[in-house]
Amino acid sequence: MVTHTVSQEANLTEDTNFLNKASEFEEMFGMQKLPYACKLSFLPLIEMMEEKADEHTSSSISTIADSVLGQLKQEEIFQKPIEDRTQLAAYPELMQLLMMMIIPPVRQQSRLVKISAPFDIAPIFCTSNLKEIMEKKKASYVLNQKKELMYNSMVITACSMILNKFYGQKLDVIMPYGISIQWPGAELENHYKIDIDDQFMEIVQTKPLKPLTQEDINYLLSNVYNLDLWLDYLPPENFEFHGFTVSSLIDITEENALSQLKFALLEREAVVEQNKVDHLEKLLRTYFKQPKLKMGITAIDYPVKNTVSHKYKIRFDFLADQQDRLLSPENKNSIYEKACKYKETVLIEDLEAVSVKTPIEEKLLAKGIKSIIVAPLFNKDQKVIGLLEIGSPQAYKLHSFIEIKFKEIVGLFSMAVERSREEIDNRVEAIIREQYTAVHPSIEWKFVETSYNLLEKREQNPTYSMIDPIVFNDVYPLYAQADIVSSSSKRNHAIQADLVDNLKRADKVLKYGTELINYPLLYQMRNKVEKNIEGLETDFNSNDESRIVEWLHDTIHPLFNDLRVKFPDLADKVASYYGYLDEDLGIVYRKRKAYEDSVTMVNNTISSYLEEQEKISQQILPHYFEKYKTDGVEYNMYIGQSLLQQGTFDMLHLRNLRLTQLIDMCEVTRIVEGMQDRLPVPITTAQLIFAYASPLSIRFMMEEKKFDVDGAYNVRYEILKKRIDKALIDGTSERLTQAGKIAIVYLQEKDRQEYLDFAEYLISEGYITDEIEDYKLGKLQGVHGLHALRFTVKI
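None of these values were measured; they are calculated from a predicted model.

## Describing the pairing of strand S17 (residues 632-639)
Of all 8 residues in S17, 7 are buried, a share of seventy percent or more. As paired elements, strand S15 (residues 471-484) and S17 share 8 bridges and run antiparallel to each other. The residue of S17 that forms the bridge with Pro-477 is Tyr-638. Sheet analysis places strand S16 (residues 624-630) next to S17, joined by 7 bridges and oriented antiparallel. Within S17, the position partnered with Tyr-624 by the bridge is Tyr-638.

## Digging into the environment of Leu-326
By the element assignment, Leu-326 lies in the loop between strand S11 (294-302) and helix H12 (335-342). Under the relative-accessibility criterion, Leu-326 is labelled buried at 4%. Along the primary structure Leu-326 and Thr-298 are separated by 28 residues, whereas in three dimensions their C-alpha atoms are 9.7 Å apart. If sequence neighbours within four positions are ignored, Leu-326 has contacts with Thr-298, Ile-300, Arg-315, Asp-317, Leu-319, Asn-331, Ser-334, Tyr-336, Ile-360 and Leu-387.

## Re empty space enclosed by the protein
Taken as a whole and judged by the stated rule, the model has 3 cavities of 30 Å³ or more. Taken as a whole, the largest cavity encloses approximately 70 Å³ of empty space. The wall of the largest cavity is formed by Leu-610, Gln-613, Glu-614, Ser-617, Phe-625, Tyr-635, Met-637, Leu-657, Thr-660, Gln-661 and Asp-664. Elements with a minimum of two residues in the lining of the largest cavity: helix H20 (591-620), S17 and helix H21 (651-674). Classifying every residue of the lining of the largest cavity gives 5 nonpolar, 4 polar and 2 charged. Of the pockets and cavities examined, the second largest cavity occupies roughly 50 Å³. The wall of the second largest cavity is formed by Ser-617, Ile-620, Leu-621, His-623, Ile-639, His-653, Asn-656 and Leu-657. Here the lining of the second largest cavity gets 3 residues from one element, more than from any other, and that element is H21. Looking at the lining of the second largest cavity, its residues break down into 4 nonpolar, 4 polar and no charged.

## Structural notes on helix H7 (residues 147-166)
For H7, with 20 residues, the first-to-last C-alpha span of 29 Å sits near the 28 Å given by 1.5 Å per residue. Most of H7 is tucked away: 14 of the 20 residues are buried. Following H7 by one or two positions, Gly-168 has its phi on the positive side, about 65°.

## Comments concerning the packing of helix H16 (residues 487-516) against helix H17 (residues 520-538)
The geometry of H16 relative to H17 is characterised by a closest axis approach of 9 Å and an angle of 160° between their N-to-C directions. Judged by the inter-axis angle, H16 sits roughly antiparallel to H17. Crossing geometry of H16 relative to H17 is assigned as left-handed. When H16 is examined against H17, the residues Gln-496, Leu-499, Val-500, Leu-503, Lys-504, Asp-507, Leu-510, Lys-511, Gly-513 and Thr-514 are found in contact with a partner set consisting of Leu-522, Tyr-523, Met-525, Arg-526, Val-529, Glu-530, Asn-532, Ile-533, Leu-536 and Glu-537.

About the cut-offs
Residues numbered from 1 in each chain as written. Predicted model: local features only at pLDDT ≥ 70, side-chain atom pairs only at ≥ 80, totals over all residues. Heavy atoms only, no water. Buried < 20%, exposed > 50% of the residue type's maximum accessible area, 1.4 Å probe, protein only. Helix = DSSP H or I, 4+ residues; strand = E, 2+ residues; numbered from the N terminus. Pairing = 2+ DSSP bridges. Contact = heavy atoms within 4.5 Å. 1 Å grid on protein atoms, 1.4 Å probe; cavity = no way out; pocket = protein on both sides within 12 Å on 5 of 7 lines; lining within 4 Å. Points joined across faces, edges and corners; volume = space filled by probe spheres on them. Nonpolar A, V, L, I, M, F, W, Y, C, P; charged D, E, K, R; others polar. Expected span 1.5 Å × (residues − 1). Axes fitted to C-alpha atoms, helices over the stretch in contact; angles between N-to-C directions. Parallel < 35°, antiparallel > 145°, perpendicular 65-115°, else oblique. Left-handed = near helix turned anticlockwise from the far one by under 90°.

Following this line, the structure appears as structure tokens:
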């Protein structure tokens, strides 16, 4: 871009005054002269007029042409190329007649047109409008190309015209030229495209043509920036350009602003950085031709329940520094809410005339906004993701015609906002994966918010790594479990049975071997097998499994492998033994597999049921939920105000969730009972609920990637929770948790009364029997004074 500020006296009152200003125009724009001789000549125009005069018609054009030709023939200067353009000053009337032949008088009043010698920026004639522009003091002219590139394009254009005329080429020689002009004191630029009419220009050959092949021409076309090459192939001394060109300035201010707007909105973070938003506002001012226009843009989610927890850094609306949330309840029915609610552009020509104003309209007026247009921005799913607004300090400055143009550009801003939101979403999600792994949807907002804060700090300091702690205070815990009854005993019995089976099958191979061959080691191995079987059947302990499996793998199996190679008669027996073993474990895995399959089936069924019920509960009030599968399923829920991004927590929500949990445990009991016929090994579950009434704090532990209770006092809850499933009824050896029953451990009398109230309802609805057991629990390690209720579920 080339910028020039021109200051000149307003003495160009006559068209001919331009004839003495050639050097000033060249200096004004810093243009080099073309290496080819370019001579002003009216001969091409005279030839055209002679054709018109020869038409022998009675048309006014023919009459005028004949009259002008008569005068031209009397003046020798017009019969050849004009070396000194200042000589034309002596023929003002004749020059005016000639200009009328080129530019009709009506067009001279309305168009911006100049006439000049070929490839010459200095005019010999200008229309009155263009002359007025050029006489402006301190006007700023900006060419759309650097002067070096403009000179290059002019030379290539001239050479291309030579190739077309003398070398049979058909090259498109139209080069795009443009200029921007800013008047003195004006805030906006006007942009023009320069349209050049070269019909009155001819190329004159002054020396023999230099022969060029098509390969030579193709080589030139591949090196358009190598001017020396072009001028060597087409020497300047061989050609001259005679005649004149007619250049028109066509106003493309609106089109140019729209084009630049599209380009600017494609840039990364086009609506995120303040300087880029300011540039967009400047382009809109030019597009709407309103220098006082203001633009605002913001990311927003509607309905409010769709609001994401982090800001999108797109907050450049008119009230960004005054209003934390544009769609807050006190702003109901504001211009912003209406735009989002009805998904329509809203125009208010006179903001002061609005009869019922919300705080939004009042603040806009205080900001000096008297006229405003607001449009919702949509994503690909047609969800509202932002707002675009333009405002004016003058009422009725924005009206329906402006609104029509405004709607044409809204889609461009929608794409820019959606792209910026997606980029920020992706960066925040990357931090969540890096720092937290999986996150429960109910509290994802908090993790997103914290991740966004870290993202902002990293933008200031790329090495920053201290992430804000995630803590939820004053939340109420709800714990429950469905524990498989006697799971350890059943698993040990299954392991014991598989080991005995494995040893007996190994003994059969050893016994068969002793009958076939004299191999003393086989007798020793049989003796050890028999002792291991006897030990398992009389006193099985947890160490036996690893010890015997290791012995089988390290001693018996290598022995079998050696025997089947050296003694082919044993091969079938050994193969039969191996065929009975589990391929992956290399041991007998039948009874235990049946038990583990049963556990898996029960766990998956309970887990699936709880997940479905959880979806329903989350709709009533969002809360944190986590579950674990062991020998059964246990789960924690936390509920409280600090867990909510929106909405209000009430103690009724805690009561409702407790009742829901109790009903779920009844249903789990029934579900497990209904599965017995489908289980490889019948198993039952005992249900336990811990009613803990005091609120506590939970903190996300970065190393463990999970939540845990926060603070020494709150640790007591975790201690109690881990020990109560082993609790005995005070004074007895009876376990509190029993198959087909639900035990509720409580600390306070009010909790007892609450669950007794629940029991009345559950009895009436057929969930439990009317047998209500109330016990004091025996002392646990570091824990005493616990009580429990126990209900029997109706199957």
